[in-house]
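Here's the letter readout for the chains.
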Amino acid sequence: MDPVPSSSDLPSLGYACRNVSTSTALQARTHVSYDIKGDVAVVRFNTPNSKVNTLSKQLNAEFTEVMNEIWTNEAVKSAVLISSKPGSFIAGADIDMIAACKTSQEVTQLSQEGQKMLEKIEQSPKPIVAAISGSCLGGGLEVAIACHYRIATKDRKTILGTPEVLLGLLPGAGATQRLPKMVGLPAAFDMMLTGRNINADRAKKMGLVDQLVDPLGPGVKPPEARTIEYLEEVAIGFARGLANKTVSAKRSKGLVQRITDYAMALPFVRQQVYKTVENKVQKQTKGLYPAPLKIIEVVKAGLDQGHDTGYLTESQSFGHLAMTNESKALIGLYHGQVRCKKNKFGTPQREVKTLAVLGAGLMGAGIAQVSVDKGLKTILKDTMQQGLDRGQQQVFKGLNGKVKKKSLTSFERDSILSNMTAQLDYKGFEKADMVIEAVFEDINIKHKVLKEVEAVIPPHCIFASNTSALPINQIAAVSQRPEKVIGMHYFSPVDKMQLLEIITTDKTSQDTAASAVAVGLKQGKVVIVVKDGPGFYTTRCLGPMLAEVGRVLQEGIDPKKVDAISTAFGFPVGAATLIDEVGVDVATHVAEDLGKAFGERFGGGSIGLFKLMVQKGFLGRKAGKGFYIYQEGVKNRSLNSGMDEILAQFKLPAKPEVCTDEDIQMRLVTRFVNEAAMCLQEGILSNPVEGDIGAVFGLGFPPCLGGPFRYADSYGAKQLVDKLRKYEAVYGSQFTPCQLLLDYANSPGKKFHQ
């Protein structure tokens, strides 16, 4: 059966007739409009009620229609595509449109429609110029590279990239075929396989854009509006020039680029590039992510078998990937992140403008850095001058790293630092809106600083504790105003880890919670809010898993093998290395606290093993020795031989029926997932989305599995319960499945994510 021709395929039937029969021009267009300036049509993208433009069904239909009108209008000689939104050209395709498809064929069809439309643009007899300001990502970049010329504003907000791989997909509207020809094979692979953002300067050097326009300052209108008007003027000039042949779209390539292109035209050179890239992908993804390998395959198809095969392979692979569990998991995380970037408690009564941080250690200095660089006036207080100096140095180093990467100028760095004061006393605390304490994990020290702080802060000021396991209500027990006390658990290193876990007690007021979330969002964090309890959510899930790691080590599996088994499952850091990174002393301290709170269920390996490591000074990376030996600049670390006698002393007989690699993986993972489900059952978590986000962004749960709850959905609650029962028969109550998992296992239709 032939597809019914759409209005865009029908021949022009004369202007008046077309307006009536085949155009939505009668119902005003809401997403795309155009006006004609002389002989240049200016097409404007503007998705209503959204900060960004996305390629939705509606926008695509209106865009197709507008282009058809432009192509049939003889007075128009060229066109400019521009956005009416200052910070966004087009941010990508509408993910919901892809998610709504039930089969891979439907997704393939979406891809083929996009390919056809962009092919018409590429082959347009009237030159088309893309005028880019703000984000030009995914499908947005695909639109831009199908045009004949690209002009971009030299602005921080202007970024180009192909982030599809981060959603388990590939560019599905021709970019896998166009990019290698435009920027060369190595650069195209780098863009598509990493999903990294490219700024305007670099895009110009690569040949991704042809011309840059400097942003304008404020005038009668704000700078963004003036810059867009100026960009439009320049783009109209170039469009006219292309139409009357005074401007050439041919790019002059440098010698290096010409030699590279020549080399890439040789099949054996290309084979080498494919091989190198495939090996690198295999090493980094452990074969757990199908998208990167598909991207290589699709690029290969186009270069080695020609245009038609390339485009067909791209659309079919796009359809195939959209149906994989990995893509669904990554898209689920994307939606979860969007949800965790909103403040569910609403707008706080007062904005936090001055923030004080107690303790200038790793965590305190990290919190100060992410606060001061987002415009918060920050006080960093410590009790020792030496600690204070170290903390200040850390903040400087963090900001200076941004100068080296050119994302800040040295002037901006210094002006940011001028907003931070470092001190040994409580001077200025009477002006603080929030105090975050990051002192040592000892309830007595926490109580001491809480009392000192409450004596000097104003009545509206919030007291937040960055503890990883001490219950907040115990800390708040000595407070005069427990409604103003809250937990804000950051993860180390604070400037790199995206998660912030906020903990509310029964007494924490709604407004206090709203303020804490607002500060976290301002710091650029993905925020989850959980109820108070020992270990909250994240530390509590990690506890049973690390106890199991201890047991596995005692059963004679060496740390390198434990690491290999856990990274093969998708954890970014091996389980033994994780203990070294966290610090063996910290892990021991937390394990003891959680053991006291939860008893036998948190057992596993012997805590004596970790205590002996602490005694011997094997504290992990910070001490240069843990399970491994750490030396400056040495990448391949060797095992710490001093551990041999400790492990021998605590050796347990291994049980062969539960010691295959898969069993060891599942022993670690099932304990983690069971504890996460227990947190949802007890109301520590309010929903599975925050549980998944917390586990992936705070604890490195494999992103390809989407978090413990999405994993339970895809692996099957019943299958998980069967595994838990198998290990329970050998090890006892530590593997007893929680009631919630049993409920889901008994009703097959029930899912955590509907």
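In what follows, the structure referred to is the one given above.
Definitions and cut-offs
- Residues numbered from 1 in each chain as written.
- Predicted model: local features only at pLDDT ≥ 70, side-chain atom pairs only at ≥ 80, totals over all residues.
- Heavy atoms only, no water.
- Core = buried A, V, L, I, M, F, W, Y, C linked by side-chain atoms within 4.5 Å.
- Buried < 20%, exposed > 50% of the residue type's maximum accessible area, 1.4 Å probe, protein only.
- Contact = heavy atoms within 4.5 Å.
- Pairing = 2+ DSSP bridges.
- Helix = DSSP H or I, 4+ residues; strand = E, 2+ residues; numbered from the N terminus.
- Axes fitted to C-alpha atoms, helices over the stretch in contact; angles between N-to-C directions.
- Phe/Tyr/Trp six-rings, centres within 6.5 Å; stacked < 30°, edge-to-face > 60°.
- Lys NZ or Arg CZ within 6 Å of the ring centre and 35° of its normal.
- Salt bridge = Lys/Arg side-chain N within 4 Å of Asp/Glu carboxyl O.

(A) Representation of the nonpolar core. Val435, Tyr537, Phe627, Ile693, Phe701 and Tyr711 are the most contacted members of the largest nonpolar core, which totals 101 residues. Once you skip the residues sitting within four places of it in the chain, Ile693 turns out to touch Leu333, Gly336, Gln337, Cys340, Leu499, Val526, Ile528 and Gly698.

(B) Expanded view of the sheet that holds strand E4 (residues 88-90). Read across the sheet, four strands follow the order E4-E6-E8-E9 without closing on themselves; strand pairing throughout is mixed. Bordering the open sheet on either side are E4 and strand E9 (198-199), each of which pairs with just one other strand. Running over the sheet, helix H5 (residues 139-146) touches E4, strand E6 (135-137) and strand E8 (159-161) and is turned about 85° from E6.

(C) Broad picture of the packing of aromatic side chains. Enumeration over the complete set of coordinates arrives at 16 aromatic pairs. Centroid distance Phe45 to Phe63: 5.2 Å. Interplanar angle 75°. Geometry classified as edge-to-face. Of the two residues, Phe45 is situated in strand E2 (residues 40-45) and Phe63 in helix H2 (residues 57-72); the sequence distance between them amounts to 18 residues. Here Phe63 falls in the buried class, since its relative accessible area comes to 3%. Between Phe189 and Tyr274, the ring centres sit 6.4 Å apart and the planes meet at 75°, which makes this aromatic pair edge-to-face. One end of the pair, Phe189, is in helix H7 (residues 185-194); the other, Tyr274, is in helix H11 (residues 267-285), and 85 residues separate them in sequence. Tyr274 carries the same exposure label as Phe189, and that label is buried. Among the aromatic residues, those joined into a cluster by ring pairs are Phe569, Phe571, Phe672, Phe701, Tyr711 and Tyr715. Above the face of the Tyr426 ring, Lys381 is positioned so that its terminal group lies 4.6 Å from the ring centre. In this arrangement the basic side chain of Arg671 is found over the ring face of Phe735, its NZ or CZ atom lying 5.6 Å from the centre.

(D) Spotlight on the pattern of salt bridges. For the structure shown, the criterion picks out 40 salt bridges. Among the ionic pairs, Glu412 bridges to Arg156, the shortest N-O distance being 2.9 Å. Linking Glu412 in helix H17 (residues 410-417) with Arg156 in the loop between strand E7 (149-153) and E8, this pair joins segments that are 256 residues apart in sequence. Residue class for Glu412 comes out partly exposed when judged on its relative accessible area of 26%. Overall, Arg156 belongs to the exposed group, its relative accessible area being 52%. The salt bridge involving Lys522 is made with Glu351; its shortest N-O contact spans 3.5 Å.

(E) Representation of the environment of Asn244. Structurally, Asn244 can be placed in the loop between helix H9 (223-243) and helix H10 (255-264). With a relative accessible area of 45%, Asn244 lands in the partly exposed category. Taking the C-alpha atoms as reference, Asn244 lies 64 Å from Leu685; in sequence the two are 441 residues apart.

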